[in-house]
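# Breakdown of the fold
Here is what each chain is made of, one letter per residue.
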Amino acid sequence: MIVAVYICLGFMLAFGVIAIMSDGLITAAITLAVTSAASGVLMYLLGAKWAAAFEISVCSGLVTVIFISAVSLSSGDKTKLPAEYQDSRRTKRLPAVLIVAGAALMCAAALTGFSLPAGDAAQTGLTFGETLWETRQADVWGQMIALITGTAAIVVFFKESENR
Amino acid sequence: MSSILNGIPYVFVAAPLFAFILNNAVPRERMRSHAVALSGGVAALQLAAAILGFALLAASGRGEVRFGLFWSVDAAGAAYLRVNLVSLFLLLCVGFVALASALTAAKTIDDHRCSFANLFMALLLGMNGMLLATDLFTLYVFLEITGTASFVLIAMYKSSKGLEGAFKYLTMSALATIMMLTGLALLFMHTGSLAFADLGAAALSGASGEMDILCYGALALLISGFAIKAGAAPFHSWLPDAHQSADTAVSILLSGIVIKIAGAYGFIVLVELFGDLYAVRLSVAALGVATIAFGALLALVQTHFKRIAAYSSVSQVGYILFGIAAGSPLGLVGALLHVFSHAAFKSTLFSGAAALHEQLGTLDIEQMGGLQKNMPVTGFASVTSFLSAAGVPPFAGFWSKLLILISLWQAGWIGLSAAALGLSILTGAYFLRLQKKVFFGPRNPRWDDVKEIGGTIRASQIVLSAVNLGAGLCFPLVLLYLQSIGLI
């Protein structure tokens with residue numbers, strides 16, 4: 001399993017870097033979805049099956065659809081980063097920084113005897129619905145409020161075009 | 001009485017949510033002129049509900065009131081929200097600052113009034129949710145809502161400065177998110193739960209009695225994450241830019257309450273859960289001393305009114321951290337009272353900034369001078385704010401700082417207590433400089449025809465000045481009351 005975990009981490013790192021370094025919003029949205037899908041597989045491998053299903057369906061699926069729809073509905077000039085931000089020097093050191101940080105984390109894990117949790121550690125015996133509705137409902141409400149906050153933000157940034 | 005007390009916590013969720021829905025259900029053209037007033041009404045309702053709730057809960061002798069929104073909190077293992085005296089006091093502070101912000105927004109927010117009201121309500125929901133949470137992950141979810149709403153409020157007008165300030169805030173918030181999520185994951189690995197009831201120093205050390213180095217790492221990450229949100233040094237770089245570039249009504253919210261709920265409240269929770277670990281309290285105290293010193297020294301060299309106020313907020317957060325780090329009920333009461341007194345004097349100061357900006361069109365203090373005669377109400381309000389901030393009796397800031405100093409002394413941190421006292425001289429210095437440059441000294445002839453501001457900003461300044469002085473005069477009574485109910 002450890003090989004699969006490292007493959008997922010590698011996917012997350014590689015596509016996460018592409019998402020940050022890309023100048024195109026569509027490319028960034030798609031590579032972000034791949035990063036999210038890889039983290040979903042990682043969650044599944046580590047035993048958090050409900051979280052994995054949620055991550056892959058909502059974060060990787062639904063959110064990507066919303067991103068791409070929003071970008072497509074925006075005018076053409078918004079699908080690319082403005083020229084003043086298209087500076088490759090801005091992110092060229094990012095891969096190196098991430099590789100060094102990853103190596104440091106691996107060393108720290110080795111030195112502290114860090115081990116992966118058992119596959120069934122996150123299972124509580126409750127169904128997905130019971131888990132979500134009875135033990136994490138405050139978080140569900142929080143997510144809904146986060147969603148309406150995001151909607152209000154989209155209205156401010158995309159619909160209201162006046163400048164003070 | 002019990003049914004009223006059980007119903008009060010719902011106000012903190014339902015009122016902003018109802019206002020948000022109403023704000024969007026009614027056509028914008030019709031809602032535009034009422035949106036800010038509606039937000040102010042919600043803030044006033046929250047203030048009243050928190051005061052009533054605090055009095056009823058203290059009288060009832062119950063430690064907390066548990067509630068769920070659409071689920072039963074009685075089932076075994078069920079999650080629940082709750083209010084206790086600490087959260088009710090902070091909910092009161094949220095309502096108070098939100099009301100001051102709404103009064104200022106009525107004058108300063110011209111465009112996007114409905115969007116402002118929407119984001120304002122989302123911000124209230126975020127902060128209220130943090131104060132009602134009983135689980136670190138739930139607290140994190142509502143912290144993100146608070147951060148998102150704050151970020152959009154700062155960038156609302158899409159000016160280059162606003163976007164720059166918001167981007168800095170977003171970048172630092174993202175860093176805080178990474179730290180906090182990693183910290184929460186490490187804690188969850190060790191304890192299998194993030195509910196407050198299941199956490200504590202004993203839960204981390206487990207049966208062996210020795211704590212894993214990763215637990216210390218988790219706590220360090222959580223402390224750093226909350227330090228970023230609180231604007232504590234050396235994580236304060238985002239705060240002055242964000243506060244300067246935002247509309248003044250938003251600055252009141254950010255400086256008056258958001259940094260305390262998003263940051264300082266996180267420290268209150270951490271010290272409540274892990275205060276038995278000396279390293280946790282020492283880390284918070286070290287952050288406190290650095291924050292007071294950095295904030296005050298940087299405030300001394302600024303020339304923009306709102307930047308001085310923002311660095312002053314950084315410095316004052318340090319005192320709140322000192323009270324929390326003391327780890328005693330007296331220290332906590334001192335910290336909470338300083339949250340209130342800082343909310344009052346900083347809202348006064350930012351209302352003054354709104355008045356100056358509306359009347360002069362600039363907030364560069366080098367261009368001001370001698371404005372006391374032209375704007376006596378703003379000048380007087382600013383002086384009350386300065387005296388309270390500097391800890392001069394009988395203003396509110398004096399009592400809260402005094403309690404913090406005593407709690408540090410009692411905790412055996414005499415050096416820190418002396419440092420807190422010594423550094424308050426710097427507070428006096430930068431506020432004296434501000435007063436002299438803006439309201440006293442020779443008047444710039446450019447401002448000969450400037451008149452005092454009217455309307456809601458003036459009303460807000462008068463009320464806030466009265467609170468600065470009145471709260472200070474009533475503080476001994478408050479302390480006697482807290483003593484009578486066994487809080488100190």
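As shown above, the structure is provided for reference.
The structure contained in this document is the topic of the report that follows. For clarity, every value in this text was computed on a predicted model and none was experimentally measured. (Residues numbered from 1 in each chain as written. Chains lettered and ligands numbered in written order. Predicted model: local features only at pLDDT ≥ 70, side-chain atom pairs only at ≥ 80, totals over all residues. Heavy atoms only, no water.)

### Remarks on the overall build of chain B
Assigned secondary structure in chain B consists of 18 helices and two strands. Here the C-alpha radius of gyration of chain B, 22 Å, is about what a compact globule of 488 residues would show, namely 23 Å. Overall, chain B is about 75 × 55 × 45 Å in size when its C-alpha atoms are taken along their principal axes. For chain B, the proportion of its 488 residues judged to be buried stands at 62%. Here the contacts in chain B between residues at least 6 apart in sequence split such that 79% fall between residues at least 24 apart. Split by element, the accessible area of chain B, about 16,700 Å² in all, is 67% carbon and sulfur. Across chain B, the 26 positively charged side chains and the 21 negatively charged ones have centroids separated by 10 Å. (Helix = DSSP H or I, 4+ residues; strand = E, 2+ residues; numbered from the N terminus. Rg over C-alpha atoms; globule rule 2.2 N^0.38 Å. Buried < 20%, exposed > 50% of the residue type's maximum accessible area, 1.4 Å probe, protein only. Contact = heavy atoms within 4.5 Å. Areas by Shrake-Rupley, 256 points an atom, 1.4 Å probe, with all protein chains shown as cover. Lys, Arg positive; Asp, Glu negative; His and termini not counted. Charge placed at Lys NZ, Arg CZ, Asp CG, Glu CD.)

### Quick word on a nonpolar patch on the surface
Residue and element names in this part refer to chain A. A grouping of Ile 2, Val 3, Tyr 6, Ile 7, Leu 9, Phe 11 and Met 106 is seen on the molecular surface, where their side chains present a nonpolar patch of about 680 Å² in accessible area. Top contributing element to the nonpolar patch by residue count: helix α1 (residues 2-21), with six residues. Overall, Leu 9 belongs to the partly exposed group, its relative accessible area being 37%. (Patch = residues over 30% accessible without salt bridge, like charges linked within 9 Å, V, L, I, M, F, W, Y side chains within 5 Å. Salt bridge = Lys/Arg side-chain N within 4 Å of Asp/Glu carboxyl O.)

### Comments concerning the packing of α1 of chain A against helix α4 (residues 94-111) of chain A
All names here are of chain A. Contact geometry of α1 with α4 gives a least axis separation of 11 Å together with a crossing angle of 150°. Considering their axes alone, α1 and α4 lie roughly antiparallel with respect to each other. By crossing handedness, the relation of α1 to α4 is classed as right-handed. Contact with α1, carried on its side by Tyr 6, Leu 13, Val 17, Ile 20 and Met 21, involves Leu 94, Pro 95, Leu 98 and Met 106 of α4 and no other residues of that element. For the contact of α1 with α4, the residue count by class is nine nonpolar, no polar and no charged. (Axes fitted to C-alpha atoms, helices over the stretch in contact; angles between N-to-C directions. Parallel < 35°, antiparallel > 145°, perpendicular 65-115°, else oblique. Left-handed = near helix turned anticlockwise from the far one by under 90°. Nonpolar A, V, L, I, M, F, W, Y, C, P; charged D, E, K, R; others polar.)

### A word on the pattern of salt bridges
Residue and element names in this part refer to chain B. Evaluation of the coordinates by the stated rule reveals seven salt bridges over all chains. Across the pair Asp 241 and Arg 307 runs a salt bridge, and its minimum N-O distance is 2.9 Å. Of this pair, Asp 241 sits in helix α10 (residues 238-245) while Arg 307 sits in helix α13 (residues 305-326), and the two are 66 residues apart along the sequence. Owing to a relative accessible area of 17%, Arg 307 belongs among the buried residues under this scheme.

### Some words on the side chain of His 342 of chain B
Residues and elements named next belong to chain B. Take His 342: it is sitting in helix α14 (residues 329-360). A relative accessible area of 0% means that His 342 is categorised as buried. Once residues within four sequence positions are removed from consideration, His 342 is found in contact with Ser 255, Lys 260, Ser 313, Gln 316 and Ser 347.

### As for the interface of chain B and chain A
With 37 residues of chain B at the interface, the matching set in chain A holds 26 residues. Where chain B packs against chain A, one counts zero salt bridges. Linking chain B with chain A are one residue pair in polar contact (both at pLDDT 80 or more), by the criterion used here. Looking at the side of chain B that touches chain A, the elements that each hand over two or more residues are α1 (2-25), α5 (113-132), α6 (136-155) and α9 (213-230) of chain B. (Polar contact = N/O pair within 3.5 Å; in protein donor to acceptor, adjacent residues only side chain to side chain.)

### A few points about the packing of aromatic side chains
Residues and elements named next belong to chain B. Enumeration according to the criterion identifies twelve aromatic pairs over all chains in this entry. Ring geometry for Tyr 10 against Phe 67: centres 5.1 Å apart, planes inclined by 65°, an arrangement best described as edge-to-face. Of this pair, Tyr 10 sits in helix α1 while Phe 67 sits in strand β1 (residues 64-67); the two residues are 57 residues apart in sequence, bridging distant segments of the chain. Given the relative accessible area of 33%, Tyr 10 is considered partly exposed. Relative to Phe 120, the ring of Phe 116 has its centre 5.4 Å away and its plane inclined at 45°; by these criteria the two rings are tilted. Pair noted here: Phe 116 and Phe 120 are both in helix α5, with a separation of four residues, about one helical turn. The exposure class assigned to Phe 116 is buried, which follows from its relative accessible area of 0%. Take Phe 120: its relative accessible area is 0%, and that puts it in the buried class. Ring-pair connections join several aromatic residues into one group, and the members of that group are Phe 89, Phe 96 and Phe 340. Over the face of the ring belonging to Tyr 80 we find Arg 66, whose NZ or CZ atom lies 4.0 Å from the ring centre. (Phe/Tyr/Trp six-rings, centres within 6.5 Å; stacked < 30°, edge-to-face > 60°. Lys NZ or Arg CZ within 6 Å of the ring centre and 35° of its normal.)

### Side note on helix α4 (residues 85-108) of chain B
All names here are of chain B. Between its first and last C-alpha, α4 extends 34 Å over 24 residues, near the 34 Å set by a 1.5 Å rise per residue. Counting buried positions along α4 gives 20 out of 24 residues, so the element sits mostly inside the fold. One side-chain oxygen of the residue at the start of α4 lies 3.2 Å from the amide nitrogen of Val 86, identifying that residue as Asn 84. (Expected span 1.5 Å × (residues − 1).)

### Some details on the pairing of strand β2 (residues 81-84) of chain B
Residues and elements named next belong to chain B. Covered by surrounding structure in β2 are Leu 81 and Val 83 together with Arg 82 and Asn 84, the residues of both alternating faces. With four bridges joining them, β1 and β2 adopt antiparallel strand pairing. Paired with Arg 66 across the two strands is Arg 82, which belongs to β2. (Pairing = 2+ DSSP bridges.)

### Here we look at the nonpolar core
Residues and elements named next belong to chain B. One finds Phe 116, Phe 267, Phe 274 and Leu 356 to be the most contacted residues of the largest nonpolar core, which totals 190 residues. A per-element tally of this core places helix α11 (residues 248-274) first, with 19 residues. Aside from chain neighbours lying at most four places away, what touches Phe 267 is Ile 223, Phe 226, Ala 227, Ala 230, Val 284, Leu 287, Leu 321 and Ile 324. (Core = buried A, V, L, I, M, F, W, Y, C linked by side-chain atoms within 4.5 Å.)

### Details of the environment of Leu 32 of chain A
Residues and elements named next belong to chain A. Mapped onto the fold, Leu 32 is located in helix α2 (residues 25-45). With relative accessibility at 43%, the residue Leu 32 sits in the partly exposed group. The spatial distance from the C-alpha of Leu 32 to the C-alpha of Met 21 is 11 Å, given a sequence separation of eleven residues. If near-sequence neighbours (up to four positions away) are discounted, Leu 32 is found in contact with Ala 19 and Phe 67.

### Focus: the packing of α4 of chain B against α14 of chain B
The packing of two helices is summarised by the inter-axis angle and the distance between the axes. Residue and element names in this part refer to chain B. For the pair α4 and α14, the least separation of the axes is 10 Å and the interaxial angle reads 0°. Between α4 and α14, the angle is such that the two are roughly parallel. Here Val 86, Phe 89, Leu 90, Leu 92, Cys 93, Phe 96, Val 97, Ala 100, Thr 104, Lys 107 and Thr 108 of α4 lie close against α14, whose contacting residues are Leu 332, Leu 336, Leu 337, Val 339, Phe 340, Ala 343, Ala 344, Ser 347, Ser 351, Ala 354 and Glu 358. By residue class, the composition of the contact of α4 with α14 is 16 nonpolar, four polar and two charged.

### A word on α13 of chain B
Taking 1.5 Å per residue, 22 residues should reach 32 Å; α13 of chain B reaches 32 Å between its end C-alpha atoms and fits that length. α13 of chain B sits mainly inside the fold: 22 of its 22 residues count as buried.

### As for the side chain of His 243 of chain B
Considering the arrangement of structural elements, one finds His 243 of chain B in helix α10. A residue is classified by how much of its surface remains accessible, and His 243 of chain B, at 0% relative accessible area, is buried.

### A short note on unusual backbone geometry
Note: most residues except glycine have negative phi, and most peptide bonds are trans. All names here are of chain B. Here the amide bond leading from Ala 233 into Pro 234 is cis, since omega sits at 5°, within 30 degrees of zero. Position of Pro 234 among the secondary structure elements: in the loop between α9 and α10. With an omega of 5°, the peptide bond running from Pro 393 to Pro 394 counts as cis.

These figures capture arrangement, not role.
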